[in-house]
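Coordinate inspection notes
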Amino acid sequence: MKTTRQWMATGAVALLPFASITALLTAPTAQAAVAPEALVGPVADYKLYVLDNLTQLVGQTQAFTDAIQAGDVEKAKTLYAPTRVYYERIEPIAELFADLDASIDAREDDYEKGVEDPNFTGFHRLEYALFHDDTTEGMDDYAQGLMDDVNDLDSRVQGLTFPPETVVGGAAALMEEVAATKVSGEEDRYSRTDLWDFQGNVDGAREIFELFKPLAAQEDANFVERVQDNFDDVEETLADYRLDADDPDAGFESYDEVSDADRRALAGPVTVLAEDLSTLRGLLGLN
Ligand SMILES: [Cu+2]
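The rules behind the values
Residues numbered from 1 in each chain as written. Predicted model: local features only at pLDDT ≥ 70, side-chain atom pairs only at ≥ 80, totals over all residues. Heavy atoms only, no water. Patch = residues over 30% accessible without salt bridge, like charges linked within 9 Å, V, L, I, M, F, W, Y side chains within 5 Å. Areas by Shrake-Rupley, 256 points an atom, 1.4 Å probe, with all protein chains shown as cover. Salt bridge = Lys/Arg side-chain N within 4 Å of Asp/Glu carboxyl O. Lys, Arg positive; Asp, Glu negative; His and termini not counted. Charge placed at Lys NZ, Arg CZ, Asp CG, Glu CD. Helix = DSSP H or I, 4+ residues; strand = E, 2+ residues; numbered from the N terminus. pLDDT = per-residue confidence, 0-100. Contact = heavy atoms within 4.5 Å. Axes fitted to C-alpha atoms, helices over the stretch in contact; angles between N-to-C directions. Parallel < 35°, antiparallel > 145°, perpendicular 65-115°, else oblique. Left-handed = near helix turned anticlockwise from the far one by under 90°. Nonpolar A, V, L, I, M, F, W, Y, C, P; charged D, E, K, R; others polar. Donors = N, O, S within 2.8 Å, 3.2 Å for Na, K, Ca; no water. Tetrahedral: all angles 85-135°; square planar, octahedral: opposite > 155°, others 65-115°. Core = buried A, V, L, I, M, F, W, Y, C linked by side-chain atoms within 4.5 Å. Buried < 20%, exposed > 50% of the residue type's maximum accessible area, 1.4 Å probe, protein only.

**Topic: a negative patch on the surface**
- A contiguous patch of negative charge, built from Glu225, Asp229, Asp233, Glu236, Asp240 and Asp262, is present on the exposed surface.
- With four residues, the top contributor of residues to the negative patch is helix H10 (residues 221-239).
- Examined against the element boundaries, aspartate 233 turns out to sit in helix H10.

Structure follows, in structure tokens:
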């Protein structure tokens, strides 16, 4: 889930001093700016990616919440992280459904009474029951609520317009959020499945980058190469923690196994990636 602060960061260009805006407007550009109609294709392809992930999220959430309602703690624990991956992949555009992002993916810290707060719902409420209390007791309604929210999200996104600046800005903001807050391990503090989420976030941000890459390459080929290398670096670091190098579904080691030094090593390239991606909007003429 995103905080207001992180969304503000995507609009940070508004804070540029007047002089630099004038410079931006008057600076001669070597190439023609990206034509707005050129963005239509990548945005449409991205929507297909989101809808595909939502279809999988609906199916997986059904299995996850069924296990909870059947009282099968172990099965529900196993399904927790692989289900979330589909949500984490579409998190760059969570701004477009902020209310559902809160009820599906908020952390206890977002609520005054923390874990006891009746408004604390969704994945992380269930995570607390499963991994902290080791039970599904009392979780029937929370499981149903999550399923209802995910179905609601799936039908709502069908009719949503995706503004290109939200899509491109969202990729940068999400990488910034990973580096700034998620690397601390706050997201999955009870299940310790944070690396699954990171991979989902990186997948989702990279999808956006790949779709807009041909347009970005026309403007700045070096930029594109650098961002690709950064993505590769981050994915290599994550790969070190895969349980089975040949089977992506096997998932990742517990985040407890990731030393503080390695957490910092992960945060480094993610931060660079976030900084680079934050200039992609401007490169595509979307500011
Ligand atoms: Cu999340």
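**Points about the confidence of the model for the protein**
- Mean pLDDT over the protein: 90, with 89% of residues reaching 70 or higher.
- Here residues 2-30 is modelled with pLDDT under 50, and outside its nearest four sequence neighbours on either side it reaches 27 contacts, counting other chains as well.

**Here's the deal with the packing of helix H3 (residues 40-69) against helix H9 (residues 194-219)**
- The geometry of H3 relative to H9 is characterised by a closest axis approach of 10 Å and an angle of 155 degrees between their N-to-C directions. Our classification of the angle between H3 and H9 gives roughly antiparallel. Once H3 is placed against H9, the crossing between them reads as right-handed. Taken together, the residues of H9 that come into contact with H3 (itself represented by Pro42, Val43, Asp45, Tyr46 and Tyr49) are Asp203, Gly204, Glu207, Ile208, Leu211, Phe212 and Leu215.
- Of the residues that constitute the contact of H3 with H9, the class distribution is eight nonpolar, one polar and three charged.

**Thoughts on the coordination of the copper ion**
- Protein-derived coordination of the copper ion comes from Glu88 (OE), Glu91 (OE), Asp105 (OD) and Glu187 (OE), at a distance range of 2.0 to 2.4 Å.
- Bound by four donor atoms, the copper ion shows angles of 81 to 156 degrees at the metal and therefore irregular coordination geometry.

**A closer look at the nonpolar core**
- Ranked by internal contacts, the top residues of the largest apolar core, which has 78 residues, are Phe64, Leu153, Met175, Phe212 and Leu277.
- When residues no more than four places from it in sequence are discounted, the contact partners of leucine 153 are Leu54, Leu57, Tyr87, Ile90, Phe97, Leu100 and Ile104.
- Formed by five residues, the second largest nonpolar core is a distinct cluster that contains Ala106, Tyr111, Val115 and Phe120.

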